[in-house]
Every structure is written in C-alpha cells, then in structure tokens.
Amino acid sequence: MENGKMSWSVADTVDYKGYPADKSRTGGWVAAALILVIEINERLSTMGIAVNLVTYLVGTMHLPSASSANIVTDFMGTSFLLCLLGGFLADSFMGRYLTILIFTVIQILGTGLLAVSTKIPKLRPPPCDSTSAHKCQQANGTQMGVFYMALYLIALGTGGLKSSVSGFGTDQFDEKDEKEKSQMAFFFNRFFFFISTGTLMACTVLVYIQDEVGRSWAYGICSISMLLALFIFLSGTRRYRYRKSAGSPIVHILQVIVASIRKRKLRLPASVSLLYEDPHGIARVPHSDQFRCLDKAAIAVEGDYEANGSNGTPNPWKLCTVTQVEEVKMMVRLLPIWATTIMFWTTYAQMITFSVEQATTMERSIGNFQIPAGSLTVFFVGAILITLAVNDRVIMPLWRKWRGQQGFTNLQRMAIGLLLSALGMGSAALAEVKRLSVARSFGSHIPETLPISVFLLIPQFFFVGSGEAFIYTGQLDFFITRSPKGMKTMSTGVFLTTLSLGFFVSSFLVSVVKSVTGTKGGNGWLPADINNGRLDCFYGLLTILSIINMGVYLLCAGWYKTQATKSVVEMEGVEGSSTEERY
C-alpha cells in the first residue's frame, strides 16, 4: 500500500500540509487555471493604468509631456525590475505561493489608493483657468507624493507577482508524466493568451471607463478585480503542489564571483582535472575554456573547508565546483543577447507614452463614438494576436516544408522583432511629420483636435506589436532553454529586466534630448505641447539607434551561436544534448 501511495506522489513537491503531493488530489490544469486568474487581473490592472496614464498626467495633473512620459516609463521599468526582488524572495525565503499572496495584497492596496487619489479633489490640482495668465497649475508635492505612493505600490505588487505566477503554474505539472507534460505546454500557450487578453481588456474596456465614467471608477474596478482574483487563488490552496526551494541562483552566482576574486592571484592548474568537482554530483556540466578567470573559484587550497581538512564540507564562498562555475559562464554568455534586446523595449515604451499623446491631438471619431486615445493600443494587441496566428498557421508550416525546421529559431525571432521595431519607429516619424504639417498650417491658433485621422498611427502600433510577438516569445524561449537547469527562474527574471531597462533607457533618452535640444525661451524637440516640438526628430533618432543596435545584435548572435555550438559538441558525450537546431 505504501508503494502504491509513493507512485502517486510527485517528486520534490508537497501538499499544503507538507506531505508528499498526491497526484490524484493536487496539481493539474484546474490548479493552474486558478493561478492564471491572478495573471489576467494583474495584467488588466498594470496595463489599464499604464496605457492611459500619460493623458491623466498631462490633462489633470498638468505636467509637461516629457515629464509625463518619463513617469510612465519609470513606473513600468520599476515594475519589471522588481521581478528580480520577487524572484529572490520566492526562491530564498517565502516560496511562490506566499509571494503571490503577499504581493497581490500590495497591488490591491496600490490600486485602491490610486482610486482614492483620483477621486478626492484636494489630491489633484484645480482645472485650468482660461482667464488667468497662468492657465494651468501643476500638481504640488503632496499631490504627487500620494500619487507616487500608489503607483509604486502597484509596481511592487506587479514585480512580485510576475516573478512567481508562471513558475507556480508550472509547479502544478509533473514533467516526468507524459500526460501532465502535454498539459504544461497547453498552460504556456494559455499563459501568453491570458497576458494578451488582459492587455486587450485594459486598453478597451478599462480605458473607456477612465475617459467616459471616471478614473476613480476604473482604478476601483482594478482593485476589486484583484481582490476577487485573490479569493479565487486562495480557494485552490488545498489543490496546489508546492515545490521545495533549492535556494536562490543569485546567491550561487555571487559565490562563484566572490571565490574567484579571492583567488585572483592564484595560477590555474595545468590540468582541468585538478579543479574541484563534487564527487556526488549527478548533473555535471563539462569544463569550457571561456572566461578562465572564473575557474579560479574551483581551485582548492588550504582553508576552503570548514572542518576535517579536505574531507570536510567546502565553504561555498571560498570553493565552488566546476559545474557551478560553468553554470555562471552559461549565464555570462547570455549577456550580449540580453544587452542588445533592451532597445526593442525602448521603442515599445513610445507606444504607451508619446504615441498616446499624439492620438489625443487627432480626430478620433467614428460616427458619434469617440475613441479614447489610450485605446489605440488595441491595434498593438491586435497585431500581436494576428502575428502569432499567422506564424503558427502559415509561416511555420511553410518553413517546415522549405527548411525542414519547426519555424524560426529563438535568435531569428528576436532579430525579426528588432527589425520590426525599427520599421515601427520609422513609420512613427513619418506619421509625425504629417501631423505636425497639419498643426503648423493653423499658425499660432492650433485647435485642440487637428483635422487628421488617428488611424494614421496604426502602422507604428502594428509594426511594434508584431515585433513584440516575435521578440517576447524568442526571448522567453532563449533565456529559459539556454540557461542552467537550476537557474530557470532567475533567467526569466533576467529576461524581464530587458523590459525594465528598456523603459529606463527611454526615460534617459527623453531627458537627454530635452536637455540638449531645449534652449532658453525655445521649445526643443520635446516641449510641454508636442504641437510646438519635433517629436518626428526624436522618433528618427530612435530609428537610427534601433538600426545600429540590430547590427550589433547580429554580431552578438553570431558569436553566441559559435560558442554554443562548441558547448553542444562538448556536452554531447555527457548528457546527449540536442543539436544546434535550437538556435
């Protein structure tokens, strides 16, 4: 009977009581679906706030357009950067279940406070007075302080959730069970679908409520929906499988770096066999000749062991195994690709900042219906869904017949995404040239709504949206499959930092351009009113930077492919590694 019970348990997982997880009672698609409810509501809240936030900052808080754009990009950048913090806490201390629970509560508090700050008149400046010399009064320190507190509580909640939701969802499936393994693939497909669905609802339903009913109502809906999602998530507590933590990969990486720095003056042994390796280790990674300075962390010297001389336990901050060192090398090899994909998310940031502000100045009516400016991002999401469908149903079958491969490789997908983002910025520059020509035809009396259709902006949304469909899936695949087995969670966090840094680079570029092109009494490229600036030049700058970045990416991709091929050849005899088709 005991053996029968053990056959139904899932390795390395326990139930809510701490007993080995019973496969018949825990995990599976039902448990994963309860977790996905958290994801769709997180996406609804975060994107519902981000895609239309610039119009609130300009129109209600009376901030300059460049400052408003930077606030939005800093908010999004911080949200993704905090994924590293959430992942560290989940791996090292709290576990994924508790991390999701705590950070969901934080996001509920943040959206609730944002709803309150947009409702109470004293927490926002008075409306503009057309009879006064100083027409608009900017939000004061207290008003902005409450606003920032709400915004960054949401960012903290988002960072904690995004770092754990996907991982906790995959914990509900046993990779050694063929049936559950196929269910896990279904989960990944639905996970991206839910992200897109949440974004679609955010930039249509929620943006419409913000513009036509009220910001406080929309943000209140976000808070209530997250609260309901939390109750649904808690209802599955007895059904979830909880995976035991193996410690934080960040700590393991730091141990290798610290140990190699401590031994930087030592000479490497003549033979690799003299480097330290765990004699009981099962999943070993063979030695490579790259980044030899890190190999010094595996040189055993007196004082590395905590007790009983060389038979004792090695101090992990003084002596690391060859496998540990090679895992760090694998992560280092990812860095050039990581660095050259940041630029895509810098162009992406323009879609929810300056592109939305462009839309506010253009004709958005269809009959008697006025399209909210923030809802233009629906074309962005539509491009993602269309591109995914065309790639799955058309491109992949043709690619299989022509090249005999299962569609584009992850490096190729990222290259396509970078190319499309450059085309998006180029089309954005051309659209802005046309918009500015219409605005300047009115001289000094520019109307609030220009007689030019907002649909002129569709190409830039479509190009960048299609680019995201390629680069997001390419990055996710690349960073998960090319990282060490014990660092899958961290590699997802590394991928998300490209989004974070992309938003921060956007803020940096806006600040630099505003400082360089702005003069005393002059408007520069990015003034408070974009009708008086040269946003087309800023888009042109991003186009040039995107093209240069893509050239550098192609060089890095070629270098990585060469190094990865060597690694595959070395590992074939050890673990029967797959061929270079993955690249």
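Predicted model, so just to flag it, every value in this text is computed and none were measured.

Student: Outline empty space enclosed by the protein, supporting the account with residue identities and numerical values.
Tutor: To find leftover empty space, a probe the size of one water molecule is rolled over the atoms. Under the counting rule described, the total for this entry stands at six cavities of 30 Å³ or more. Approximately 80 Å³ is the volume found for the second largest cavity. Contributing to the lining of the second largest cavity are eleven residues, with Arg-43, Ile-195, Thr-199, Ile-384 and Glu-468 lying nearest its centre. Contributions of two or more residues to the lining of the second largest cavity are made by helix H2 (28-50), helix H6 (178-212) and helix H12 (377-403). Broken down by element, the lining of the second largest cavity gets its largest block of residues, four residues, from H6. The residue inventory of the lining of the second largest cavity, partitioned by class, reads seven nonpolar, two polar and two charged.

Student: Can you tell me about the layout of surface pockets, naming the residues and giving the values?
Tutor: Considering only enclosed or pocket space, the second largest pocket measures out at about 1,200 Å³ in volume. The set of elements that each furnish at least two residues to the lining of the second largest pocket consists of helix H3 (53-59), H6 and helix H11 (354-360). Sorting elements by how many residues they give to the lining of the second largest pocket places H3 first, with five residues. Its residues assigned to classes, the lining of the second largest pocket shows 15 nonpolar, 15 polar and nine charged.

Student: Go over the packing of helix H10 (residues 342-351) against helix H14 (residues 458-481) with me, naming the residues and quoting the values.
Tutor: Orientation of H10 relative to H14, taken along the N-to-C sense of each, is 140°, at an axis distance of 10 Å. Compared by their axis directions, H10 and H14 come out oblique. In this structure, H10 meets H14 at a crossing whose hand is left-handed. Facing H10, whose interface residues are Phe-344, Trp-345, Tyr-348 and Met-351, H14 presents Gln-460, Phe-461, Val-464, Gly-467, Glu-468, Ile-471, Tyr-472 and Gln-475.

Student: Could you give an account of the nonpolar core, naming the residues involved and the relevant values?
Tutor: Among the nonpolar cores identified, the biggest contains 133 residues, and Leu-53, Phe-147, Phe-233, Tyr-240, Ile-337 and Phe-538 are the most heavily contacted of them. When sequence neighbours within four positions are dropped, the list of residues in contact with Tyr-240 reads Val-14, Asp-15, Thr-26, Ala-31, Leu-34, Ile-35, Tyr-97, Phe-168, Gln-172, Ile-232 and Phe-233.

Student: Requested: an account of the pattern of salt bridges, with residues and values cited.
Tutor: All told, the structure shown has eight salt bridges when counted by the stated rule. Across the pair Lys-162 and Glu-42 runs a salt bridge, and its minimum N-O distance is 3.7 Å. One end of the pair, Lys-162, is in helix H5 (residues 141-170); the other, Glu-42, is in helix H2, with 120 residues separating them in the sequence. For Lys-162, a relative accessible area of 9% translates into the label buried. One salt bridge connects Lys-329 with Glu-326, and the closest N-O pair in it is separated by 3.0 Å. Placement of the pair is Lys-329 and Glu-326 together in helix H9 (residues 322-340), with a separation of three residues, close to one helical turn. For Glu-326, a relative accessible area of 2% translates into the label buried.

Student: Help me get a handle on helix H8 (residues 249-262), residues and values and all.
Tutor: End to end, H8 covers 20 Å across 14 residues, agreeing with the expected 20 Å (1.5 Å per residue, within 8%). Those residues of H8 not exposed but buried are Pro-249, Ile-253, Gln-255, Val-256, Ala-259 and Ser-260. One side of H8 holds all its buried residues, which, seen down the axis, span an arc of 155°.

Student: Give a description of the packing of aromatic side chains that names residues and reports values.
Tutor: Applying the stated criterion across every chain yields a total of 24 aromatic pairs. Their ring planes at 70° and their centres at 5.8 Å tell us that Phe-354 and Phe-538 sit as a pair that is edge-to-face. Note that Phe-354 is positioned in helix H11 and Phe-538 in helix H16 (residues 535-575), a separation of 184 residues in sequence. Note on Phe-538: relative accessible area 0%, which makes it buried. Taken together, the aromatic side chains of Phe-80, Phe-344, Trp-345, Tyr-348, Phe-380, Tyr-472, Phe-478, Phe-479, Phe-495, Phe-503 and Tyr-560 make up a single cluster linked through ring pairs.

Student: Can you tell me about the pairing of strand S7 (residues 450-453), naming the residues and giving the values?
Tutor: Across a regular strand the side chains alternate sides, sitting on one face of the sheet and then on the other. Burial along S7 is one-sided: the residues Leu-450 and Ile-452 are buried and none of Pro-451 and Ser-453 is. Note that strand S4 (residues 362-363) and S7 share two bridges and pair parallel. The residue of S7 that forms the bridge with Glu-363 is Ser-453.

Student: I'd like to hear about the environment of Gln-107, residue by residue, with values.
Tutor: Residue position: Gln-107 is located in helix H4 (residues 65-119). Taking the C-alpha atoms as reference points, Gln-107 and Tyr-152, separated by 45 residues in sequence, lie 9.2 Å from one another. Residues in contact with Gln-107, not counting those within four places in the same chain, are Glu-42, Thr-46, Leu-153, Ile-154, Gly-157, Thr-158, Leu-161 and Met-226.

Conventions and cut-offs
- Residues numbered from 1 in each chain as written.
- Predicted model: local features only at pLDDT ≥ 70, side-chain atom pairs only at ≥ 80, totals over all residues.
- Heavy atoms only, no water.
- 1 Å grid on protein atoms, 1.4 Å probe; cavity = no way out; pocket = protein on both sides within 12 Å on 5 of 7 lines; lining within 4 Å.
- Points joined across faces, edges and corners; volume = space filled by probe spheres on them.
- Helix = DSSP H or I, 4+ residues; strand = E, 2+ residues; numbered from the N terminus.
- Nonpolar A, V, L, I, M, F, W, Y, C, P; charged D, E, K, R; others polar.
- Axes fitted to C-alpha atoms, helices over the stretch in contact; angles between N-to-C directions.
- Parallel < 35°, antiparallel > 145°, perpendicular 65-115°, else oblique.
- Left-handed = near helix turned anticlockwise from the far one by under 90°.
- Contact = heavy atoms within 4.5 Å.
- Core = buried A, V, L, I, M, F, W, Y, C linked by side-chain atoms within 4.5 Å.
- Buried < 20%, exposed > 50% of the residue type's maximum accessible area, 1.4 Å probe, protein only.
- Salt bridge = Lys/Arg side-chain N within 4 Å of Asp/Glu carboxyl O.
- Expected span 1.5 Å × (residues − 1).
- Arc of directions from axis to C-beta.
- Phe/Tyr/Trp six-rings, centres within 6.5 Å; stacked < 30°, edge-to-face > 60°.
- Pairing = 2+ DSSP bridges.

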